[in-house]
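Observations on the model geometry
The primary structure of each chain is shown beneath.
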Amino acid sequence: MIVSILLILLGFVLLIKGADWMVSGSSALAKKNNISNIAIGLTIVAFGTSAPELVVNSFASFHGYSDIVFGNVIGSNNFNLFIILGIVGLISPIVVQSNTVWKELPLSLFAVVILYLLCNSFFQDTAVLTRVDGLVLLVMFGLFLFYVYKQLKTETLVPEIEIIPMSVLKIWSLILIGFSGLIMGGKLVVDNAVEVASGMGVSEKIIGLTIVAVGTSLPELVTSVVAVLRKNNDIAIGNIIGSNIFNIFLILSVSSFIRPIEFKPLFNIDLYILAGGTIFLFIAMFTGVKKKLDRWEAALLLVSYLAYTVYLIGKEV
């Protein structure tokens, strides 16, 4: 048991460092080919923070661990929304742009609703996320990227991304080592998470919603905390909302292409919580100071989800 837990921690280290190295190498390669900073940010860097979820879900889907597939994505999204946004909002109240309030937050809620409808036999006889469902999610992801592209064209100020010049050998070494780290880390996390679940007598669902989800969300946590400390609220909240949309539309679509994923109705409670948290965040934009997440609202997000997590674990142990 202790060995499995240590291997999970090692897997998380490999996932996070692997994503970091791959992003660094890929960004330097893109810069060498005269690709703009903002294009690098919207593609390579955005992919990098979600790479751990993608790799873990790919392994889990391949082996048929459907509870870890859904637990990781839904758990990561809830962790992003309640815990990371709660921590960031406690550090500093977050002012939110109009586009985020009126477009990105509703789009994030729409993603949850679409997932709920696809998984709960509204369009088919069984509760399975099929490859056709995955195609629907992938199309939605394409539309989301188009929206981001259109938004980019209307932006006047774009924060620069610092990219250190590197030799070609160092660039490809970072990319290959980073990719290898992602693969090894993902396999370690999935295999040993299942071992821990069996050894502790708890369900894969709980492991996916807690340990796996928290571990794969660490890049988003670091990115958002650093952003808010640097007074860059747009990146802090944009990273959270964008990641939640990315996780549902892209990562679950890729997971379903690998293998259709059985959906257990128990996950509906977590989807309700995710939808409720998104609605709460939208309403919070019109209470107190408008278009601002105040500290008391951030604290409410944080405390409510911590209480739910304790309740979940208490039911299993």
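The sections below set out a description of the structure shown in this document.

Here we take up the packing of aromatic side chains. Tallied over the entire structure, the rule returns eleven aromatic pairs. Consider the rings of F70 and F267, whose centres lie 6.0 Å apart with planes at 45 degrees: the pair is tilted. One end of the pair, F70, is in helix α3 (residues 66-91); the other, F267, is in helix α10 (residues 267-284), with 197 residues separating them in the sequence. On the basis of relative accessible area, F70 is assigned to the buried category, the value being 0%. Here a set of aromatic residues connected by ring pairs shows up, and it is made of F82, Y305, Y308 and Y311. If you follow K205 out to its NZ or CZ, it ends over the ring of F267, 5.5 Å from the centre.

So, on to the nonpolar core. Within the largest apolar cluster, 83 residues are counted, with the highest numbers of intra-cluster contacts made by F70, L129 and L293. Ranked by residue count, the leading element in this core is α3, at twelve residues. The residues contacting L293, other than those within four sequence positions of it, are L85, P93, I94, L281, A284, M285, A298 and L301. A28, I171, L174 and I175 belong to the second largest nonpolar core, which has five residues in total.

So, how was this worked out
- Residues numbered from 1 in each chain as written.
- Predicted model: local features only at pLDDT ≥ 70, side-chain atom pairs only at ≥ 80, totals over all residues.
- Heavy atoms only, no water.
- Phe/Tyr/Trp six-rings, centres within 6.5 Å; stacked < 30°, edge-to-face > 60°.
- Helix = DSSP H or I, 4+ residues; strand = E, 2+ residues; numbered from the N terminus.
- Buried < 20%, exposed > 50% of the residue type's maximum accessible area, 1.4 Å probe, protein only.
- Lys NZ or Arg CZ within 6 Å of the ring centre and 35° of its normal.
- Core = buried A, V, L, I, M, F, W, Y, C linked by side-chain atoms within 4.5 Å.
- Contact = heavy atoms within 4.5 Å.

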